[in-house]
Amino acid sequence: MRSRELCEFEKRISEINNRLSHFNFISKQFLLDNEKRLQNNLKKDVPEVYLENPCASQFNINIGEVEDKAIETTNYLLDTVFVFANTQFEVYLLDVYNFVRNNFDNSLPEPPDSKIYQTILEGLNVDIENDIENLFSSSYEYFKLRRNAIMHRKTEKRFQGALELLVTGQFRNDPDKLKLFRKSQLNGQELNREWKSYTKSIDDKNIRSYTIRNLSFTNRELSHFTFSELTDFLNFLRLYAKMIDFAILSKIERKKLVEYCLGKYDSYYLRDHTKDSAEKFRSSFTRISRIELNLQLTEEEILSHQKGV
């Protein structure tokens, strides 16, 4: 099962990934195309060398600084993409929460303005300890701490506080520090080991799946991301959102899910006004259920709603 909200989230993550790949290509190609031009004009300023560029005057620095500035800009943009992707994940959580609230449980309160991840999962009765594989929930905690570090600390001071404790595993033997984490929280070394095992298992089975291949959870240099690390993060979000989506839909009574799909069938095909044949109903109802929730209907479920056709 999966929601349409998950599909929309996956599209947004794919777009971020495509934009990231495009920027990576452009930035590298600029340095390749301009290598000699930069080296031959080290004593000049940008406006003197790039006369044909109308924006050159806004970037009035010495040519020798261009490559370093390009690295700084890249690091800034990768941080921004990381924070934005985190935000898109929270948008997905809000969307799927409203989907459940509007269609299956109108007793749910208005979605929260803060602590979105924790509040929404609790509101939808998703138990992080039991409904979500610990490797994934522990990884998300790591990424959440990295986002907080970017948002609230200077670049050179990101490796501090709870993030440092998680990376090094120092919270394990200190009761006060342990309170900052779930009891089953994996530390950096354990996360590396578990992701290596996970990746090996899908590779051995020749399964095409997203995974983390390059990012190290024990890395203490957290001042910036590499492109490959950020790609790993986007792949993780795809996996984690899919896992959460399944956990959320699994909490809804199956009968209600089937009735929701029937309502969509009624809306699309106006069953109440133009009676379909039994064969057409079967085909259409099955197709709508697959489109809406990727719900595989049983023969009994189809027949139970076919009586009125």
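Above this text you will find the structure in question.
Asks: Please clarify how the overall build of the protein chain should be interpreted in this entry.
Replies: Check the secondary structure of the protein chain and you find 14 helices and zero strands. Listing every helix and strand of the protein chain by position from the N terminus yields α-α-α-α-α-α-α-α-α-α-α-α-α-α. The C-alpha radius of gyration computed for the protein chain amounts to 25 Å, which surpasses the reference 19 Å derived for 309 residues by more than 25%, pointing to a less compact arrangement than a globule. On the principal axes, the C-alpha backbone points of the protein chain span a range of 85 × 60 × 45 Å. Going through the 309 residues of the protein chain one by one, you find that 41% of them count as buried. Contacts in the protein chain between residues far apart in sequence, at least 24 positions, make up 65% of those at least 6 positions apart. When the accessible area of the protein chain is evaluated, it comes to approximately 17800 Å², of which 49% is carbon and sulfur surface. Between the centroid of the 46 positive side chains of the protein chain and the centroid of its 47 negative side chains there is a distance of 2 Å.

Asks: Looking at this model, I keep getting lost on a negative patch on the surface. Mind explaining?
Replies: Taken together, the side chains of Glu35, Glu65, Glu67 and Asp68 define an acidic patch exposed on the protein surface. Position of glutamate 65 relative to the elements: it lies in the loop between α3 (46–49) and α4 (66–103).

Asks: Can you walk me through the nonpolar core in this structure?
Replies: One broad rule of soluble globular proteins: the nonpolar side chains tend to lie buried together. Residues Phe89, Tyr142, Tyr240 and Ile244 are the most contacted members of the largest nonpolar core, which totals 77 residues. When residues of this core are assigned to their parent elements, the largest contribution, 13 residues, is made by helix α11 (residues 227–250). Non-local contacts of isoleucine 244, meaning those with residues more than four positions away in its chain, are made with Phe89, Tyr92, Leu93, Tyr117, Leu121 and Ile132. Formed by eight residues, the second largest nonpolar core is a distinct cluster that contains Val46, Ile61, Ile63 and Val66.

Asks: How do you make sense of the state of the cysteines when you look at a structure like this?
Replies: As used here, a disulfide is simply a covalent bond connecting the sulfur atoms of two cysteines. Tallied over the entire structure, the rule returns zero disulfides. Sulfur of cysteine 7: no disulfide; nearest cysteine sulfur belongs to cysteine 261 and is 13 Å away.

Asks: For this particular structure, what's the right way to read the pattern of salt bridges?
Replies: Two side chains bearing opposite charge may form a pair once their charged atoms approach each other closely. Considering all chains together, one arrives at 18 salt bridges under this definition. A salt bridge links glutamate 90 to arginine 147, with the shortest nitrogen-to-oxygen separation between them at 3.1 Å. Highlighted residues: glutamate 90 in helix α4 and arginine 147 in helix α7 (residues 134–152), separated in sequence by 57 residues. Across the pair, arginine 147 and glutamate 90 agree in class, each one buried. The shortest N-O distance in the salt bridge between lysine 251 and aspartate 131 comes to 2.9 Å. Of this pair, lysine 251 sits in the loop between α11 and α12 (254–269) while aspartate 131 sits in helix α6 (residues 128–131), and the two are 120 residues apart along the sequence. With relative accessibility at 42%, the residue lysine 251 sits in the partly exposed group.

Asks: Help me understand the environment of isoleucine 202 in this model?
Replies: Among the structural elements, isoleucine 202 can be located in helix α10 (residues 188–204). A sequence separation of 159 residues divides isoleucine 202 from lysine 43, and the C-alpha atoms of the two residues are 53 Å apart.

Asks: Looking at this structure, how should I read unusual backbone geometry?
Replies: Negative phi is the rule for most residues except glycine; trans is the rule for most peptide bonds. Its identity as a non-glycine residue notwithstanding, lysine 115 has a phi of 45 degrees, on the positive side. As for its position among the elements, lysine 115 is in the loop between α4 and α5 (116–123). Here lysine 115 falls in the exposed class, since its relative accessible area comes to 64%. The phi torsion at asparagine 125 lies on the positive side, around 60 degrees, for a residue other than glycine. Structurally, the position occupied by asparagine 125 is in the loop between α5 and α6. You can call asparagine 125 exposed: its relative accessible area is 55%.

Asks: Would you explain the side chain of asparagine 86 in this entry?
Replies: On the secondary structure map, asparagine 86 appears in helix α4. According to the relative accessible area criterion, asparagine 86 is buried, its value standing at 0%.

Asks: Mind showing me how you'd approach the packing of aromatic side chains here?
Replies: Geometry of an aromatic ring pair is reported as the spacing of the ring centres plus the angle between the planes. Counted under the stated rule, the structure contains 32 aromatic pairs. Ring geometry for phenylalanine 99 against tyrosine 260: centres 5.4 Å apart, planes inclined by 90 degrees, an arrangement best described as edge-to-face. With a gap of 161 residues between them, phenylalanine 99 in helix α4 and tyrosine 260 in helix α12 connect regions that are remote in the sequence. Residue phenylalanine 99 shares its accessibility class with tyrosine 260, and that shared class is buried. Just above the ring of phenylalanine 225 sits the side chain of arginine 146; from NZ or CZ to the centre is 4.0 Å.

Calculation criteria
Sequence order sets the numbering: in each chain, residues are counted from 1 along the sequence as written. Where totals are concerned, whole chains, interfaces and linings use all residues; where local detail is concerned, this predicted model gives features only for residues with pLDDT of at least 70, and gives and counts side-chain atom pairs only at 80 or more. To get the side-chain values, take all heavy atoms of the structure and skip hydrogens and water. In this text, helices come from DSSP runs of H or I with a minimum length of four residues, and strands from runs of E with a minimum of two, each type numbered from the N-terminal end. When we talk radius of gyration, it's over C-alpha atoms, and the globule rule is simply 2.2 Å times the number of residues to the 0.38. Partly exposed describes any residue whose relative accessible area lies between the buried limit of under 20% and the exposed limit of over 50%, with all areas from a 1.4 Å probe on protein chains only and scaled to the type maximum. Between two residues, a contact is recorded if the distance between any of their heavy atoms is within 4.5 Å. Under the convention used here, a 1.4 Å probe and the Shrake-Rupley method define accessible areas, while residue burial counts only the protein chains that appear. Lys and Arg are tallied as positive, Asp and Glu as negative. Neither His nor the chain termini are counted. Just so you know, the charge point we use is NZ for Lys, CZ for Arg, CG for Asp and CD for Glu. Here, patches come from residues exposed beyond 30% relative accessible area and free of salt bridges, joined within 9 Å for like charges and within 5 Å for nonpolar side chains (Val, Leu, Ile, Met, Phe, Trp, Tyr). Salt bridges, as used here, are contacts in which a Lys or Arg side-chain nitrogen is within 4 Å of a carboxyl oxygen on Asp or Glu. We call a set of buried Ala, Val, Leu, Ile, Met, Phe, Trp, Tyr and Cys residues a nonpolar core when their side-chain atoms join them within 4.5 Å. By disulfide we mean two sulfur atoms from cysteines, separated by a distance within 2.5 Å. Stacked, edge-to-face and tilted are the three classes for Phe, Tyr and Trp ring pairs, Trp counted by its six-membered ring, which pair at centre distances within 6.5 Å; planes under 30 degrees apart are stacked, over 60 edge-to-face, the rest tilted. Charges are assigned to positions over rings by a cutoff of 6 Å between ring centre and Lys NZ or Arg CZ, combined with an angular limit of 35 degrees from the ring normal.

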